[in-house]
Structure formats: structure tokens, C-alpha cells
Amino acid sequence: MSKVVYEGWMVRYGRRKIGRSFIHMRYFVLENRLLAYYKRKPQDNQVPIKTMLIDGNCRVEDRGLKTHHGHMVYVLSVYNKKEKSHRITMAAFNIQEALMWKEKIESVIDQHQESQVANGNKYVSFEYKPGMDNGRTASSSDHESQFSAQEDEDDAQPDFLRRTTIGNGPPDSIFDWTQEFDSELSNQNANNQAFSRKHWRLLQCQNGLRIFEELLEVDYLPRSCSRAMKAVGVVEATCEEIFGLVMSMDGTRFEWDCSFQYGSLVEEVDGHTAILYHRLQLDWFPVFVWPRDLCYVRYWRRNDDGSYVVLFRSREHENCGPQPGYVRAHVESGGFNISPMKSRNGKPRTQVQHLMQIDLKGWGAGYISSFQQHCLLQMLNSVAGLREWFAQTDERGAPPRIPVMVNMASPSVSSKKTQKINEFSFPPAPSLDQTNAANRNSVLMDEYSDDDEEQMPEAEQEAYPTKSDNDVKRTALEEEPIQKIDLSCFSGNLRRDDRDNSRNCWTISDGNNFRVRSQHFCYNKSKIPAGKHLMDLVAVDWFKDTKRLDHVVRRQGCAAQIASQKGLFSLVFNVQVPGSTHYSMVFYFVTRELVPGSLLQRFVDGDDEFRNSRLKLIPSVPKGSWIVRQSVGSTPCLLGKAVDCNYIRGPKYLEVDIDIGSSTVANGVLGLVIGVITSLVVDMAFLVQANTTDELPERLIGAVRVSHIELSSAIVPKLDTDPL
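Residues numbered from 1 in each chain as written. Predicted model: local features only at pLDDT ≥ 70, side-chain atom pairs only at ≥ 80, totals over all residues. Heavy atoms only, no water.

A.B. asks: An account of the sheet that holds strand 29 (residues 681–688) is needed here, citing residue identities and associated values.
C.D. replies: Spatially, the five strands line up as an open sheet ordered 19-30-29-25-26, and their pairing is antiparallel. Each edge of the open sheet is held by one strand with a lone partner, namely strand 19 (505–508) and strand 26 (637–638). Sheet topology note: the strand 29/strand 30 (residues 700–707) ladder contains seven bridges and is antiparallel. Bridge pairing in strand 30 places Leu687 opposite Leu700. (Pairing = 2+ DSSP bridges. Helix = DSSP H or I, 4+ residues; strand = E, 2+ residues; numbered from the N terminus.)

Have a look at this one:
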């Protein structure tokens, strides 16, 4: 029976052709599992221009905000992981419409996956045979080429998030202050913990705003750089309306931002990242103090809770050199966090946070403290400007469009304008080539069903149905190892060190640092500390090469081969980091045997579709720069729906090659982390997601903490043709 899931006019976003400079509108229809588009609204038996069958292998790729024939549009691309050359790309003039299409298509994808599982749980095991395409299995997903889908667009890039955010990850060293990590709070709900008492104090209230100051002091910033400060206020408008104003650099900004004088686009890096030039209008003794300007990276994303994040950080650009009559200020970190609140009296309400940590440079910044603070408060007052702008606007019509920004075209701006833009670099941070690779990373998040909700008291939880005590005991006994494994025979090139403050090492992370779905999750969404791991982490390898390292179990003498010789089973996670030099961090988890019928055994012996729908990662950064902790966050992510995972099943092992390079969004966080990896302590927990009462509670496969990793310590491995 035919059922139209969703339909409507959208922009046909594709390859620009010579002689055509206008928007192509097409009528898109999602009917049952068929996505198609037509030149006009379809009549009976009308043949579509193009169609695509939506199944469990499809993804909706977010390409962000792009300029298309003089208009700013939000671009989505739908493709099948097994036929990546075949895709449909569409665009909308407002983000609400793009989100609606994304949600509808992903609901069809999920329904197909659920129906496949319900029709018999096809757990097809792939057995490795020597010589099979360098270890790639027939069912694996290959790395997506940037030249795929030429008929749609030249620069097709892979996606990362799956029903979580719209927005790529931050470029190198852009700090995402909106996801504060606080170990005293639940580390599964770190999206909006920027008010942790641990890091902030209320400085003053001004113009209806609360002004906070960061408590932590750092010694790597110059004396003239201010402490981070932020203004927090409530605006009676939707997140989309506020986001549109914040992103605009046209005349409307004069109406709410008193520190704005002029803004232009230097370069559009991708759909979520741009290089901007910005002149500040500061009123502190302008006769004696030169005006300030900025050149910075702006990155944005939309989170699954409807909030928007806009981040800033200064960068150098060859096409945006020093301007006569201006002092170039430096933004260490800054931006907006725009979060929805419950409506009141029928009016939408949004919390707006505006953070800024800036070095205004010049003689005044270093010697006159009132100059720095006065100018900083003037910039933070833009939140009050937003509030008043919407309070004095009676009617707001159609969903807002973001205007196209003026390109920076003044001859005085650059002495190297004829050079290719993609050759510029940003000292001391990595070059933009690395940034472009890094732009494909971002904050790892789980699907909507795994968001933390308010937990119920234990007394109320007891009222819900649960497994019998015998069932609970049986499950626990089935998954507990009979006797401990001798770990002394295993080793990797990255050493283990359990001492605090150790560097370039790993240790086992306590399972209670992570919260997982409880036995009652299906009834009250509650979560509990994860507790003991199902498998033992026995070794970690840190590799590098000029190409991506696939099927690392082939390395002679690796921990998985030693485990196989001892009759043990290994689960190997190979996290592949792209770049001019490819890195791989490999984690070897070992157990004596898999319990027949257990969720872990079903995952190991299941097909790729089942594995992709269940493999989950929980990240966190307990130690590192403030912005990096917030950028990485600690929300669970379904890896198989976020990046390409290649599963290689051997006689006594399963290797999972996690290709971070397959995702546009993933590389943003990756680029951020790689740039400051020596200063970070990162926790990662791997688990199989439990969806039914029989599978609950969730258990961790294992968890690891890596501390202050040195890139120079990675080695080039020698991989054999035949592994085991």
C-alpha cells in the first residue's frame, strides 16, 4: 500500500553548470521507502527524474550552510553506504525544513532496520580468508572518496552524525565551551554544564544579564588576555530566529550588537566553518585608543535538543592581513550557545550564552585593566541587544533565511590574493589542509533514544516490571569470567602505567565513570554506573603509516595472535586517524569465551547491519584544556551510524576498523584533539547497545584511559599477508 511519508518543494542542489545561475526547485516525495524528485508536483503515472530506495544502509549526510547562486541554503545528501556513487542531494532555505526531511528519511531507515531484525535476526558471520583484498571483507564499507557523486557536487564529503547534530566538528583548536565536563555530575549529560560551580562564578548582573567569570587560571596565555567571561540571558524568540541573527553580518547586526562595525567573509571552508573578518566598535576613549579588528574561524552546529552552538577563535589568513589604522585583537575562545526553554504564556523562550576570552592587544590591554573589562562587557551586552530586538518586534513571519555575506575584496586586505586559498596555513596551529581533514570530526553523540532524562527515585523504579532475581543472577554469572586471565604475556608498543600524571601511556578506566542503560531503562530511561567490564584490555598499539592501516591483527606477534594461541577470544578496536600521516590506536580486549546467546556473542557473530546499529562509544576528557573538554563532550555515540566501520571476523577474533576519515563531522573533534593531544587525558568506553528488557542492563565491553599521547611515539607496523 502506497504511503507518502513526506513531500514538498526543495532546492535541487547539485553541480553548477556554465551558463546557469538560478535556483532549481524540485518536488521531492518520500513514499514508503522510495525517495524521488520531479520537475513539478507529480500527477498519476508521472516518471520521476531520479529515485533512491531507502534501506538500513542509507545515511543522511549533513553538508551544512552553503552559498548557492546567491542564496544561503542548508544542504542534505542521501546516499547508500554500499552504492556511494548514487545519491540525492537537496537543500532548504531554512534549517527547519532541512531537519524535517532529515528526520523523516532517518525514520524510514530505522523502520527498515527494525523490520530486518524482527524478521529473524540475521546474524551472518564473515570468516576471514587469506588474501581477501588486504583484509577488507566483502560486507565492509570502504572509505568514501571525496570525488564520489560528481553529478551532484564536486566536493562530496562523508557524514558523521546520525540523528544527533547538524553541523561539522570544530576545526583545529577551536574550543567548544558549550559542553563542560564535570566529574561531579553525570558524565552522560554534558551538553549544557557550562555553569559548573567548579569553573565559574557570578561576577555581576547587568542589563538583565548574569555575567560570569571563569575561575581557572592558565599560564600559557599572555598577561593581556582576559579571563573567559560570559553573559547569560533569556530571549523571547525561537532558537532558529536567534541563530539567524547571530550568523548574519549585514545591517541588522547594528540593531542589536553595539560592538559591531563591519564584517565580511574571507573564506568558506565548508558548510559549517568559515573564516571571517570583523571590525569592532569600541567606545573606550576612541581618541586615544586605536580601533580593533579580528580575523577568526567561525564554526556552527545544531544539537539534537534543538540548541545551536556558534564558536569563534582567531586565526591568521593570507587574504586577511593587518589593516591600516587597526590593531589586530586575538580571540582565544568565544561564541554563542543558544538553547531552547519551555514556552511561557504562549511565547517561545531561549537561553542565550555569549562567551568571550580575548586579548585586545596594544598598550592599553596590558596596563589598563579597566580597558579590557569595559570592552569585553560591551561585547557581551549583545545578549541584551538580542533580547530587546525581539521584544520590540511585533510580528515575525516565515522561517528566517541567513543573508549571504559580503566577500572581503579590498586590495589592502591581502598582498597575495592571486594565490590559491586552500594553500594557506595558520601558525602555530596546523595548516588548513589539516583543518579540512579535521573539519570532518565532531562531538560524539548518541541517537535521541539514549538522551539522559530525569531519573526516577528508587522507590518508584521498584514499581516497574523487572527480571526475576534468578534471571539477573544467571545473566551476571554467564558474563563473569570463571578465572582471571594472565595478562603478563600481552604487550603493545604503548606502555601501560597506572600512576597519576603519567605521560604517553594507557590504563584501564573504571567502569563506574560511565553511565549506561539500567534494567529499567525501557520504562523510565534511567541509567546506572557501568561497573565491571565484560572483557579485559590487555594491550594498546599506537601505529602510523603513509596510508590507512586496515586489519592490524595481521601484525606478527600482536596481542590478538597471542590470545588466539592461548585459546582466548579477542575483540580489537582499530581507531583510524586520517591525515598526511595516518595514525591508528588499537585496543585489544580479551575474554576466555563468548557466552552463547549473549548480546556480545550476537554482536560478534551478527551481520554488519546489526553491528552498526549497536556498537556504541562513550567518550570523555577528564583532563585537558577547558574548551577541548567541552568540544568532545561525553554523550554516547552509535559508531556504526556515525562513521564507516569495517568488521573482520577471524577464527578467534573480531576486528573493528573505525574509519574516522569517513566522516565530515568526526574530523573536527579529531583535528581539535590531535593539535593538543599531548595535554589531554581521554577516556573511551566501548559497549553493545541494549534495546530490549532481555538485553538490559547494558555492560561495557571495556574502557581505556590514554594520557598525554606523543605523536612521535607511534611506530610503523609490519603487517603480514595472512593473520591467523
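A.B. asks: Go over the sheet that holds strand 23 (residues 569–577), please, and point to the residues and values.
C.D. replies: Paired through backbone hydrogen bonds, the strands of a sheet run either parallel or antiparallel to each other. Within the open sheet, the five strands sit side by side as 22-24-23-28-27. Their pairing is mixed. Taken across any chain shown, the strands that pair with only one partner, and hence form the sheet edges, are strand 22 (536–545) and strand 27 (644–650). Averaged over all pairs of adjacent strands, the angle between strand axes in this sheet comes to 15°, irrespective of strand direction. With seven bridges connecting them, strand 23 and strand 28 (residues 653–659) associate as parallel partners. (Axes fitted to C-alpha atoms, helices over the stretch in contact; angles between N-to-C directions.)

A.B. asks: Explain the pattern of salt bridges residue by residue, including any values.
C.D. replies: Per the stated rule, a full pass over the model turns up 28 salt bridges. Measuring nitrogen to oxygen at the nearest pair gives 2.9 Å for the salt bridge that ties Arg328 to Asp293. Of this pair, Arg328 sits in strand 15 (residues 327–328) while Asp293 sits in strand 13 (residues 292–302); the two residues are 35 residues apart in sequence, bridging distant segments of the chain. Of the residues examined, Arg328 reaches a relative accessible area of 25% and is grouped as partly exposed. When the shortest N-O distance is used, the salt bridge between Arg499 and Asp497 registers 2.8 Å. For Arg499, a relative accessible area of 61% corresponds to the exposed category. On the basis of relative accessible area, Asp497 is assigned to the buried category, the value being 9%. (Salt bridge = Lys/Arg side-chain N within 4 Å of Asp/Glu carboxyl O. Buried < 20%, exposed > 50% of the residue type's maximum accessible area, 1.4 Å probe, protein only.)

A.B. asks: Tell me about helix 2 (residues 239–247), and please be specific about residues and values.
C.D. replies: Within helix 2, nine of the nine residues are buried, which leaves it mostly tucked inside the rest of the structure. Those residues of helix 2 lying buried are Cys239, Glu240, Glu241, Ile242, Phe243, Gly244, Leu245, Val246 and Met247.

A.B. asks: Outline unusual backbone geometry, supporting the account with residue identities and numerical values.
C.D. replies: Residue Pro697 is reached from Leu696 by a cis peptide bond, and omega for that bond is -5°. The topology assignment puts Pro697 in the loop between strand 29 and strand 30. Its identity is not glycine, yet Lys525 carries a phi of approximately 60°, on the positive side. One non-glycine residue, His551, lies in positive phi territory at about 55°. If you trace the backbone, His551 turns up in the loop between strand 22 and helix 10 (559–565).

A.B. asks: Go over the side chain of Ser570 with me, naming the residues and quoting the values.
C.D. replies: The residue Ser570 is located in strand 23 in this model. With sequence-adjacent residues up to four places away left out, Ser570 is seen in contact with Met535, Ala560, Ala563, Phe589, Val590, Lys652, Tyr653 and Leu654. (Contact = heavy atoms within 4.5 Å.)

A.B. asks: Now, about the packing of helix 2 against helix 5 (residues 382–391): what can you tell me, with residues and values included?
C.D. replies: Between helix 2 and helix 5, the shortest axis-to-axis distance is 12 Å and the interhelical angle comes to 120°. Between helix 2 and helix 5, the crossing angle belongs to the class labelled oblique. Here helix 2 and helix 5 pass one another in a crossing that is right-handed. Every residue of helix 5 that contacts helix 2 at Glu241, Ile242, Leu245 and Val246 is listed here: Leu386, Trp389 and Phe390. Class assignment of the residues belonging to the contact of helix 2 with helix 5 gives a composition of six nonpolar, no polar and one charged. (Parallel < 35°, antiparallel > 145°, perpendicular 65-115°, else oblique. Left-handed = near helix turned anticlockwise from the far one by under 90°. Nonpolar A, V, L, I, M, F, W, Y, C, P; charged D, E, K, R; others polar.)

A.B. asks: Before we move on, can you summarise the packing of aromatic side chains with the specific residues and values?
C.D. replies: Applying the stated criterion across every chain, the model contains 18 aromatic pairs. Between Phe243 and Trp300, the aromatic rings sit 5.2 Å apart at their centres with planes inclined by 50°, giving tilted as the arrangement. Linking Phe243 in helix 2 with Trp300 in strand 13, this pair joins segments that are 57 residues apart in sequence. Trp300 shares its class with Phe243; the two are buried. Pairing Phe573 with Phe589 gives two aromatic rings, centres 5.8 Å apart and planes at 75°, and the pair type is edge-to-face. Residue Phe573 is located in strand 23, and its partner Phe589 is located in strand 24 (residues 582–591); the two are separated by 16 residues in the primary sequence. (Phe/Tyr/Trp six-rings, centres within 6.5 Å; stacked < 30°, edge-to-face > 60°.)

Keep in mind these numbers describe shape, not what the thing actually does.
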